[in-house]
Amino acid sequence: MKLPLILITLAIMTISSSAETAMQLSILPKPQSVRFVSADSSFKISRGMGIYADGDGATLAAQYLIDYCNQYLGIPLRMTRSKAEAAIRICPDDFGTKAKEGQYRLTVSHDGITITGSRRSEEACFLGVTTLVQMLPTRAGDIPHVPYVEINDYPRFGYRGMHLDVARHFFPVSFVKKYIDWIALHKLNVFHWHLTDDQGWRIELKSHPELTEKGSYRDGEIRGLFPGEYHKRPYQAFYTQDEVKEVIDYASRRFVTVVPEIDIPGHCMAVLAAHPEFSTTPNESKHTARTWGIYNRQNNVLAPTPEVFRFLDDVFNEVCNLFPGKYIHAGGDECAPKWWDESATAQKFMAAHRLPDTHALQTYFMHHVQRIINSHGKTMLGWSGGAEGMLTERSVLHNWHSWDRMPPSRIHSTQKWINSASVGLYFTASEDSTQTETTPGRWPRSVKKVYDFEIVPDTASAQASQNLIGIEGCCWTEYCPTTWKVELQVFPRIAALAEKAWAGKADDWEGFTRRLSHQLDLYDLWGVRYNDVVERTLITPRQR
């Protein structure tokens, strides 16, 4: 009778040890499958160990890991051509016919660490590396011990984005690169770069240098919550094409696609500052916006004239040639009808083209731009609240409205779409109503609210669920003039976004907060200035 009792005791000890190891494996976003091979064994990563990469794509992932370990942990690793002598092996594979896009496998044993990417995917290998990064220490000097484990993982959505508005406030290339690194480390794969708006034009175009000469400048801005108090503060900045190419190359090495946004036919006061003749009131002086909340208050729409359409041809042809990615965002929302209703030029154009109302005119603009974008083999993105009239083929609707404000025609449409609903995925409000030092304290949006946000409600049609290609978090910067405020707004809410973008659901808040505690330790390591109000909600107090 003693032998079975001993066996039972050993079994309980093994289960407890395995559970303890599982608790220590805090990967975010949560992997689809984790199997512990051994309860109490781990592989030690030491200085000078070799990494073998099978192919150029795997080499990018391997080099990223080498750079990460050197920069953050002070552990030099090296590339080796010998698979046999390597401690870490990164190899694309086939995974058979049932492999999913972005699927990878990470295996740790006494032989070392092996990362394989499905469909011979370079990006899948990189995703596996970002998981390994999560398993490494959160302090330089700690010896890396990686538990014997097998992880099989893949994303729910192919489009996993994070947005940054650089039109309201500009951020240098050095920060944009950091932002892209943080995107990649959360397994997000799209950087949405909002480059133009009423308050500034931030990208150099060779065809129209006047856009940055005049459109990138503004006299000042408001203090405090809109309508605020205006104060003079001369402001001018933009990205050269060489800088844009530098950012695109940097992102591509992290398998992040850069999606530029050129916002038309509204949100165009920066364009009109350079070209007053493009306005519906061409005889009035124009300047870039000196405040926020322009819609319906100041005329910011383009007039439907031959000169304007030729201008749009120039702009979008050049942008399409500059950005190699699949998507070009053309904005398209918040065009107040009154400016076209009051314009004789617009009314004459509408009559000539049999456009029944200003929404049809707005759609005409979007169709014109879509034809240009599609002619370059690219897909057009446009915001809800204006771009619904896009031609369905080779376009994606970017939704920012809450589900209850969406018309049934859109809910049940066959249109592909991305969800960035402001009620859950806009990181513009404070996390707590008391945090007025970061942004205005109205409409606080906590990490828990982001985590609980319903991507597709139960009331959605099967068609709408099927057509959803991904989600995106948005950082609008009216109230974020510094990199510090951007980081406070984005972190750690981006962690909840990443969890939802990867898994497609979020139903384990307790488990998430445990893993979030580890993520905050990583933010400390990475030098991220995050909002620590979330620590009040952690189930287990964090030990720093």
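These remarks concern the structure in this document. (Residues numbered from 1 in each chain as written. Predicted model: local features only at pLDDT ≥ 70, side-chain atom pairs only at ≥ 80, totals over all residues. Heavy atoms only, no water.)

**Digging into the pairing of strand S5 (residues 88-92)**
Item 1. Along S5, 5 of the 5 residues are buried, which leaves the element largely enclosed by surrounding structure.
Item 2. Going residue by residue along S5, you find Ile-88, Ile-90 and Pro-92 tucked away on one face and Arg-89 and Cys-91 tucked away on the opposite face as well.
Item 3. Relative to S5, strand S3 (residues 50-53) runs parallel, the two being bridged by 3 bridges. Considered in S5, the bridge of Ile-51 is made with Ile-88.
Item 4. Alignment of S5 against strand S7 (residues 112-117), held across 5 bridges, turns out to be parallel. Following the sheet pairing, Cys-91 is matched in S7 by Thr-116. (Buried < 20%, exposed > 50% of the residue type's maximum accessible area, 1.4 Å probe, protein only. Helix = DSSP H or I, 4+ residues; strand = E, 2+ residues; numbered from the N terminus. Pairing = 2+ DSSP bridges.)

**Quick notes on the sheet that holds S3**
Item 1. Strand order in the open sheet formed by 7 strands is S1-S9-S6-S7-S5-S3-S4, with mixed pairing between adjacent strands. Both edges of this open sheet fall to strand S1 (33-36) and strand S4 (78-79), since each of them pairs with a single strand only.

**Structural notes on the packing of aromatic side chains**
Here the distance between the centres and the angle between the planes together describe a pair of aromatic rings.
Item 1. Per the stated rule, a full pass over the model turns up 27 aromatic pairs.
Item 2. Grouped by ring-pair contacts, the aromatic residues Phe-170, Phe-171, Phe-175, Tyr-179, Trp-182, Phe-191, Trp-193, Tyr-239, Phe-491, Tyr-523, Trp-526 and Tyr-530 constitute a single cluster.
Item 3. Positioned over the ring face of Tyr-154 is Lys-100, at 5.1 Å from the centre of the ring. (Phe/Tyr/Trp six-rings, centres within 6.5 Å; stacked < 30°, edge-to-face > 60°. Lys NZ or Arg CZ within 6 Å of the ring centre and 35° of its normal.)

**Thoughts on the packing of helix H8 (residues 306-322) against helix H11 (residues 358-375)**
Item 1. Packing of H8 against H11 leaves a shortest axis separation of 9 Å and a crossing angle of 40°. Here the hand of the crossing between H8 and H11 comes out right-handed. Together, Val-308, Phe-309, Leu-312, Asp-313, Phe-316, Asn-317 and Cys-320 of H8 and Tyr-364, Phe-365, His-368, Val-369, Ile-372 and Ile-373 of H11 make up the contact between the two elements.
Item 2. In terms of residue class, the contact of H8 with H11 is made up of 10 nonpolar, 2 polar and 1 charged. (Axes fitted to C-alpha atoms, helices over the stretch in contact; angles between N-to-C directions. Left-handed = near helix turned anticlockwise from the far one by under 90°. Contact = heavy atoms within 4.5 Å. Nonpolar A, V, L, I, M, F, W, Y, C, P; charged D, E, K, R; others polar.)

**A short note on the sheet that holds strand S16 (residues 257-264)**
What links the strands of a sheet is backbone hydrogen bonding, and the strands pair in either a parallel or an antiparallel sense.
Item 1. Taking strand neighbours around the barrel as the criterion, the 8 strands line up as S10-S11-S16-S17-S18-S19-S20-S21 in a closed arrangement whose pairing is parallel. Between one strand and the next, the sheet's axes are offset by a mean angle of 30°, whatever the strand orientation.
Item 2. Bridge count between strand S18 (residues 379-383) and strand S19 (residues 395-399): 4 bridges; the pairing is parallel. Bridge pairing links Gly-382 to Leu-397 in S19.
Item 3. Against the sheet, helix H4 (residues 173-185) contacts strand S10 (159-165) and strand S11 (190-194), and its axis sits at roughly 145° relative to S11.
Item 4. Sitting on the sheet, H8 touches S16 and strand S17 (327-331), and the angle it makes with S16 is about 175°.

**Looking at the side chain of His-329**
Item 1. Looking at the element boundaries, His-329 is found in strand S17.
Item 2. For His-329, the contacting residues outside a window of four places in its chain are His-192, Val-259, Pro-260, Glu-261, Ile-262, Phe-316, Leu-381, Gly-382, Trp-383 and His-398.

**Notes on unusual backbone geometry**
Item 1. Residue Pro-227 is bonded to the preceding Phe-226 through a cis peptide linkage, with omega at 10°.
Item 2. Structurally, Pro-227 can be placed in the loop between strand S14 (217-223) and strand S15 (229-236).
Item 3. A cis amide bond links Ile-264 to the next residue, Pro-265, at an omega of -5°.
Item 4. Looking at where Pro-265 falls in the secondary structure, it is placed in the loop between S16 and helix H7 (269-274).
Item 5. Here His-267, not a glycine, exhibits a phi torsion of approximately 55°, which is positive.

**A look at the pattern of salt bridges**
Item 1. Tallied over the entire structure, the rule returns 22 salt bridges.
Item 2. One salt bridge in this structure joins Asp-432 and Arg-536, with 3.2 Å as the shortest N-O distance. Taken as a pair, Asp-432 in the loop between helix H13 (422-425) and helix H14 (447-452) and Arg-536 in the segment after helix H18 (509-526) lie far apart in primary sequence, 104 residues in all.
Item 3. Glu-499 is the salt-bridge partner of Arg-515, the closest N and O atoms lying 2.5 Å from each other. Taken as a pair, Arg-515 in helix H18 and Glu-499 in helix H17 (residues 493-503) lie far apart in primary sequence, 16 residues in all.
Item 4. Looking at Arg-515, the relative accessible area reads 3%, which means it is buried. (Salt bridge = Lys/Arg side-chain N within 4 Å of Asp/Glu carboxyl O.)

No statement about biological role is implied by the geometric values presented.
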